[in-house]
Amino acid sequence: MQKLSPSAQKVQEAIRQRGYSVEVIELPQSTRTAVEAAQAVGCEVAQIVKSLIFKTKRTARPILVIASGANRVNERTIEALVGEPLGKADAEFVRQQTGFAIGGVPPLGHIQPLLTFIDEDLLQHEEIWAAAGTPHAVFRLTPQMLLELCSGQVVKIR
Ligand code: 5CA
């Protein structure tokens with residue numbers, strides 16, 4: 001088996017620590033976007049787990065929204081849930097708050113716990129695919145695993 005890059009290895013470790021034997025894979029193709037990831041693994045875009053970081057405007061808190069690749073997050077919905085407006089999270093903020101760069105942000109294994117919301121649309125699939133630390137690394141999981149690994153509130157994010 002190929003050696004994983006350090007960021008992908010971090011995610012693999014986080015998964016193992018939670019008691020799962022799921023393998024992180026690194027692909028030659030880009031998995032930077034949901035569309036690219038779906039092409040690379042051969043699934044529907046809706047089966048791709050996007051891990052999106054938002055930043056609250058007043059208190060500059062990071063919020064993790066775990067969304068189906070097919071959905072656009074309705075920021076008003078998230079704002080209502082967190083009780084303050086959302087501002088923009090730039091690349092630097094994402095790295096600081098998660099320990100990962102945009103395009104590879106995984107749904108778990110961040111450097112700190114993040115207030116998390118999970119798109120209910122992800123739960124309808126038999127299997128889904130998430131980023132694993134780099135724009136070439138992914139892992140396959142079930143919605144049940146996602147719920148166990150991410151412990152967020154399940155919401156309609158559209
Ligand atoms: N690896 C894939 C899924 S397996 C992935 O990470 N997709 S993603 O959608 O979760 O991550 C890309 C997201 O990063 C984009 O949807 C967008 O919300 C965000 N993003 C991309 N460029 C920027 C940028 N310059 N500043 C802030 N956020 C960005």
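Residues numbered from 1 in each chain as written. Predicted model: local features only at pLDDT ≥ 70, side-chain atom pairs only at ≥ 80, totals over all residues. Heavy atoms only, no water.

Draft legend 1. Region of the structure containing the side chain of aspartate 121. Its place among the elements puts aspartate 121 in the loop between β5 (115-119) and β6 (128-131). Among the polar contacts listed, one links the side chain of aspartate 121 to the side chain of asparagine 71, at a separation of 2.8 Å. Aside from chain neighbours lying at most four places away, what touches aspartate 121 is Ser68, Asn71 and Arg158. (Helix = DSSP H or I, 4+ residues; strand = E, 2+ residues; numbered from the N terminus. Polar contact = N/O pair within 3.5 Å; in protein donor to acceptor, adjacent residues only side chain to side chain. Contact = heavy atoms within 4.5 Å.)

Draft legend 2. Local environment of the nonpolar core. Grouped together as the largest cluster of nonpolar side chains are 31 residues, with contacts concentrated most on Val11, Ile15, Val24, Ile66, Phe139, Leu141 and Leu146. Among the elements of the structure, α1 (6-17), β2 (48-56), β3 (62-68), α4 (91-98), β6, β7 (137-141) and α5 (143-150) are those that each provide at least two residues to this core. Membership of the second largest hydrophobic core comes to 11 residues, among which are Val65, Ile78, Leu86 and Val155. (Core = buried A, V, L, I, M, F, W, Y, C linked by side-chain atoms within 4.5 Å. Buried < 20%, exposed > 50% of the residue type's maximum accessible area, 1.4 Å probe, protein only.)

Draft legend 3. Representation of the site of the ligand within the structure. The environment of the ligand is made up of 13 residues, and the closest members are Thr31, Arg32, Ser51, Ala89 and Gly103. In this structure, glycine 103 approaches the ligand through a main-chain N or O atom, which is 2.9 Å from a nitrogen atom. Out of a free accessible area of 620 Å², the ligand has 66% covered by protein chains. When residues in the shell around the ligand are grouped by element, the largest group, five residues, is from β2. Grouping the amino acids of the shell around the ligand by side-chain chemistry returns seven nonpolar, four polar and two charged. (Near = heavy atom within 4 Å. Areas by Shrake-Rupley, 256 points an atom, 1.4 Å probe, with all protein chains shown as cover. Nonpolar A, V, L, I, M, F, W, Y, C, P; charged D, E, K, R; others polar.)

Draft legend 4. Molecular detail of the environment of tyrosine 20. Among the structural elements, tyrosine 20 can be located in the loop between α1 and β1 (25-26). Using a relative accessible area of 19% as the deciding quantity, one classes tyrosine 20 as buried. Counting along the chain gives 121 residues from tyrosine 20 to leucine 141, while the straight-line C-alpha distance between them is 9.9 Å.

Draft legend 5. Structural detail: unusual backbone geometry. The phi angle at alanine 60 is positive, at roughly 55 degrees, despite the residue not being glycine. Looking at where alanine 60 falls in the secondary structure, it is placed in the loop between β2 and β3. For serine 151, which is not glycine, the phi torsion reads 30 degrees and is therefore positive. Topologically, serine 151 is positioned in the loop between α5 and β8 (153-155). Under the relative-accessibility criterion, serine 151 is labelled exposed at 61%.

Draft legend 6. Spatial organisation of the pattern of salt bridges. Counted under the stated rule, the structure contains five salt bridges. Put simply, arginine 61 and glutamate 84 hold a salt bridge, and the shortest N to O gap is 3.1 Å. In this pair, arginine 61 sits in the loop between β2 and β3 while glutamate 84 sits in the loop between α3 (75-82) and β4 (86-87), placing the two residues 23 residues apart along the sequence. For arginine 61, a relative accessible area of 34% translates into the label partly exposed. (Salt bridge = Lys/Arg side-chain N within 4 Å of Asp/Glu carboxyl O.)

Draft legend 7. Local environment of the side chain of histidine 125. Within the element layout of this structure, histidine 125 appears in the loop between β5 and β6. Apart from the residues within four sequence positions on either side, histidine 125 is in contact with Ala46, Gln47 and Pro143.

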